[in-house]
Amino acid sequence: MATSRTDPLTLEVVELIGSVVARYYDEYDQAAARHALTGAQARVLRLLSLEPIPMRRIAQKLKCEPSNVTGIVDRLEARDLVERRPDPADRRVKLAAPTEKGRATAALLRDSLDFAREPLAELSDEERGVLRDLLRRMLGEDAE
């Protein structure tokens, strides 16, 4: 039996997800501000801390215009947090990559986000695994 998208349980889950997202962004913005960064700058720095990324892909991941990413990367570059370098696979493409200072700042940002970490610590490993798998499923990703 298919569940209606407007049944009370679905609506409650959607509201709870919205509350989690809002709290996450609020805390992320507060952590970013402690490092004199905007939330968008902090999110770009976090993405780049995983691997150097072409500017266009940053825009796709953040769901924003490439021109916005250019401005964000310009400001991060001016603070020596990010650098642009040619893509070894295609020298016409520029990659944005964190500097050593940028990686350190990204780690400080990540470590200062407690909002989800504390409630998640109260869940068992099995419960966290189920939650992870359900979130991946909602996002259309394969559970690993």
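Remember, predicted model here, so these are calculated numbers, not experimental data.

## Comments concerning the overall build of the protein chain
Here's step 1: From N to C terminus, the protein chain includes seven helices and three strands.
Here's step 2: When the elements of the protein chain are put in sequence order from the N terminus, they spell out α-α-β-α-α-β-β-α-α-α.
Here's step 3: Projected onto its principal axes, the C-alpha coordinates of the protein chain cover approximately 55 × 30 × 25 Å.
Here's step 4: The buried share among the 144 residues of the protein chain stands at 28%.
Here's step 5: In the protein chain, 43% of the contacts between residues at least 6 apart in sequence involve partners at least 24 apart.
Here's step 6: Per element, the accessible surface of the protein chain, about 10200 Å² overall, is 54% carbon and sulfur.

## Comments concerning the confidence of the model for the protein chain
Here's step 1: Averaged over all residues, the pLDDT of the protein chain equals 89, while 95% of them reach at least 70.
Here's step 2: Confidence, read as mean pLDDT per element, is least for helix α6 (residues 117-121) in the protein chain (76) and greatest for helix α4 (residues 66-78) (95).

## Quick notes on the pattern of salt bridges
Here's step 1: This model, assessed by the stated rule, comprises nine salt bridges.
Here's step 2: The shortest N-O distance in the salt bridge between E77 and R84 comes to 2.4 Å.
Here's step 3: Look at R84 and you get partly exposed, because its relative accessible area is 26%.
Here's step 4: Of the charged contacts, one joins R85 and E83 as a salt bridge, the two residues approaching to 2.6 Å between their closest N and O atoms.
Here's step 5: Relative accessible area serves as the criterion here: at 32%, E83 is assigned to the partly exposed category.

## Description of the nonpolar core
Nonpolar side chains in soluble globular proteins tend to end up buried together.
Here's step 1: Judged by nonpolar contacts, the single largest core of 23 residues is most densely connected at I58 and V82.
Here's step 2: Of all elements in the fold, only α1 (8-34), α2 (39-50), α3 (55-62), α4 and α5 (100-111) reach the threshold of two or more residues within this core.
Here's step 3: Ranked by residues supplied to this core, first place goes to α2 with five residues.
Here's step 4: Setting aside anything within four residues of it in sequence, one finds I58 in contact with V44, L47, L48, I53, V69 and A96.

## Focus: α4
Here's step 1: For α4, spanning 13 residues, the distance from its first C-alpha to its last is 18 Å, which sits close to the expected 18 Å at 1.5 Å a residue.
Here's step 2: Restricting attention to buried positions, one finds in α4 the residues V69, G71, I72, V73 and L76.
Here's step 3: Phi turns positive, to about 60°, at D80, one or two residues after α4.

## Overview of a nonpolar patch on the surface
Here's step 1: On the surface, L9, V13, I17, V21, Y24, Y25, L120, L131, L135, M138 and L139 cluster together into a nonpolar patch covering about 960 Å² of accessible area.
Here's step 2: Within the residue set of the nonpolar patch, elements represented by two or more residues are α1 and α7 (125-138).
Here's step 3: For the nonpolar patch, the element with the most residues is α1, which contributes six residues.
Here's step 4: Take L131: it is sitting in helix α7.

## Considering the environment of A32
Here's step 1: Its location among the elements puts A32 in helix α1.
Here's step 2: Remark: the alpha-carbon pair of A32 and T70, spanning 38 residues in sequence, is separated by 19 Å.

## Here's the deal with the side chain of D7
Here's step 1: Relative to the helices and strands, D7 resides in the segment before α1.
Here's step 2: Here the side chain of D7 touches L9 through a polar contact of 3.2 Å, landing on its backbone nitrogen.
Here's step 3: A distance of 2.5 Å separates polar atoms of two side chains, one belonging to D7 and the other to T10.

Analysis parameters
- Residues numbered from 1 in each chain as written.
- Predicted model: local features only at pLDDT ≥ 70, side-chain atom pairs only at ≥ 80, totals over all residues.
- Heavy atoms only, no water.
- Helix = DSSP H or I, 4+ residues; strand = E, 2+ residues; numbered from the N terminus.
- Buried < 20%, exposed > 50% of the residue type's maximum accessible area, 1.4 Å probe, protein only.
- Contact = heavy atoms within 4.5 Å.
- Areas by Shrake-Rupley, 256 points an atom, 1.4 Å probe, with all protein chains shown as cover.
- pLDDT = per-residue confidence, 0-100.
- Salt bridge = Lys/Arg side-chain N within 4 Å of Asp/Glu carboxyl O.
- Core = buried A, V, L, I, M, F, W, Y, C linked by side-chain atoms within 4.5 Å.
- Expected span 1.5 Å × (residues − 1).
- Patch = residues over 30% accessible without salt bridge, like charges linked within 9 Å, V, L, I, M, F, W, Y side chains within 5 Å.
- Polar contact = N/O pair within 3.5 Å; in protein donor to acceptor, adjacent residues only side chain to side chain.

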